[in-house]
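# Topology and contacts: notes
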Amino acid sequence: MSDQGQMAWSTPEPVHSDERTRGFDPVTVFVATVPPRSLSALLPWVSVLSVGDNGLERPLGALQHLKRVRPANGMQQVILAPVAESTLSELELLLARSGIDTHGDSGATIDQVAVSRWAPATRAQFDDWKERWPMSFRLAAAERSDALSDAEVAAAQRFMQLALDAAEDAAAAGDEPVGAVMADPKSGVVVARASDLRRTHHPLMHATMACIEAVASAERARRAREAASQADEQPNAGEKRGRHDNDQDDGQDEVAEPDEGEGRADLGGYLCSGLDLYVTREPCAMCAMALVHSRIRRVFYGERSDEGALGSAHKLHVHPSLNHHYLVFRDLRRQLQP
Amino acid sequence: MSDKPEQAATTAAGGFTAAEQTYMRQALALAEEAYAVGEVPVGCVFVHDELGVVGQGRNRTNETLNGTRHAEFEAIDQILALRPAGTPLADFVRDTFARTDLFVTVEPCVMCASALRKLGLRRAVYGCGNDKFGGCGSVFTIHTDEVGEGSKYEAVGGLFRGEAIMALRRFYVRENDHAPAPKRKGRRVLKTTFD
Ligand SMILES: [Zn+2]
Ligand SMILES: [Zn+2]
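Numbering of residues starts from 1 in each chain and follows the order in which that chain's sequence is written. Chains carry letters and ligands carry numbers; both start at the beginning, A for chains and 1 for ligands, and go up in the order they are written. Predicted model: local features are reported for residues with pLDDT of at least 70 only, side-chain atom pairs are reported and counted for 80 or more only, and whole-chain, interface and lining totals are derived from all residues. Calculated side-chain values reflect all of the structure's heavy atoms, with hydrogen atoms and water omitted.

Under an unreviewed UniProt entry, chain B has the name tRNA(Adenine34) deaminase and belongs to Polyrhizophydium stewartii.

In the nomenclature of an unreviewed UniProt entry, chain A corresponds to tRNA-specific adenosine deaminase subunit tad3 from the organism Polyrhizophydium stewartii.

Residues and elements named next belong to chain A. Of note in the backbone geometry, R295 takes a positive phi value of approximately 60 degrees without being a glycine. For helices the rule is a DSSP run of H or I covering at least 4 residues; for strands it is a run of E covering at least 2, with both sets numbered from the N terminus onward. In this structure, R295 sits in the loop between α8 (285-293) and β10 (298-303). One non-glycine residue with positive phi stands out, namely D331, at about 65 degrees. Note on placement: D331 falls in the loop between β11 (327-330) and β12 (334-336). Working definition: with a 1.4 Å probe on protein chains only, accessible area under 20% of the residue-type maximum means buried, over 50% means exposed, and in between means partly exposed. Residue class for D331 comes out buried when judged on its relative accessible area of 9%.

Most of helix α3 (residues 71-80) of chain B sits out of view: 8 of its 10 residues are buried. Within α3(B), the full set of buried residues consists of B:A71, B:E72, B:F73, B:E74, B:A75, B:I76, B:I79 and B:L80.

Accessible area lost when the parts come together is the quantity often used to give the size of an interface. Taken together, the contact pairs 41 residues of chain A with 39 residues of chain B. Both sides of the chain A and chain B interface together cover about 3,200 Å² of buried area, and 64% of this is carbon and sulfur. Two residues, A:R198 and B:E149, come together in a salt bridge whose shortest N-O distance is 3.9 Å. Think of a polar contact as two N or O atoms within 3.5 Å of one another; within protein, one of them needs to be a possible hydrogen donor and the other a possible acceptor, and neighboring residues in sequence only count if both atoms come from side chains. Where chain A packs against chain B, one counts 7 residue pairs in polar contact (both at pLDDT 80 or more). Going through the elements one at a time, α7 (207-230) and α8 of chain A are the ones with two or more residues in the side of chain A that touches chain B. A per-element tally of the side of chain A that touches chain B places α7(A) first, with 7 residues. Gly counts as polar in this scheme, as do all residues outside two lists: the nonpolar Ala, Val, Leu, Ile, Met, Phe, Trp, Tyr, Cys and Pro, and the charged Asp, Glu, Lys and Arg. Grouping the constituent residues of the side of chain A that touches chain B by class yields 16 nonpolar, 14 polar and 11 charged. Should any heavy atoms of two residues lie within 4.5 Å, those residues are counted as being in contact. Computed with a 1.4 Å rolling probe, the buried area is the accessible surface lost when two parts are put together, summed over both parts. What makes a salt bridge here is a side-chain nitrogen of Lys or Arg within 4 Å of a carboxyl oxygen of Asp or Glu, nothing more.

Okay, structure coming up:
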């Protein structure tokens, strides 16, 4: 910490799901090219083709992100069906029923076109893939929120420095050199800080686990105090879940806590909702899942780990089967400047 | 343990020994204890091949306000408390868990599956799978992944699966009935997870 001049923070990088990082993945579809005047006759038949087994219209099956029709050199092009789900002769029959002769001189043809199998998850994917075939795109909420402001980056560096200090404490105590800090991004308050204890105290008390427990134990203590002070006046009152960020104003707004309705079964697990974790090393699967259970908001980590679960071995924070996702930023660390 | 409640969902325990069935019944009783105090009904026992049951636990996430206090973590803390003074922590963990099997009513979640691997557990036996968080085959395969701290272990499911599911289903039906109306739909999703 004394050599500030030579050390500089690296820029934290968001860890995205594979859906957001993948390149163009083609699927081949049959496309009819027809004169504009034939389009209105064709489209009703195309929708008949798209009725699924359950009788519901299924515009393009899994390809709903694609536009159905595009103009091309004075003609209109219509996606008929994926090549894997249809045959050329079937589709020629379909066009014939619409009065379109693909073997005549109307210029009508059926061709195969490679289009994007997936809906775009980012602006860059959209800009790239729509060149193959027009598609629709809704900017995901996640993409908007993972851009960090200068103030957020400065706050992140400050919190990570505290985590680095906790890692130093762990190393000095003969433990794994990992530290973690739980912070409330709204108030800028450090809610909990923990050093790794896996070697000296408990094999599962990684810094992240210790930090989650520190948040919980602080809240248990706060509630115990509150219960003791209220015992005489109001014995009852269906006590609502208190929270770290209500510490100062003594919880007048606790009743309006948005998580309250999520079900009493899991109230305890939601105690970290709205909080950010800063940890010096990429969390393992145990810690990453503990953060899902705790409903963490964002995770910033420094060093990557081969068995890490937030970008290296897994991307647990965006796994589709899990009921809570969180934002992850990695490589937030201080490096020696060359 | 022998006076099992009458239930339609009683499932065959084929392939499992009488001793294994007994341990899983203990785990089910702990799940029942969790249910009685409003915790998600999951219970477990750890069985050492010489010492017998060395740890038992049930969910305690509400009471502790800590979403990581799953049955497994509760029981593991009991086991760690057995460490004799003077025995290094790492030695005790290695020597104990290499001879210990887990009986848990629901497939360990990713967090617990990873924890068991770090400890060097010998084998995990579970009742029903966990389609949302399962770390031993349902969603992730933490127990057999090539990459990961600790050592791989065997995991086998299906012992009193029906009883484990019924406990969860009763719990989520009760939660749903008590939840504010707008939240009920979400609860129903959970209820059918273990179909
Ligand atoms: Zn960890
Ligand atoms: Zn678990």
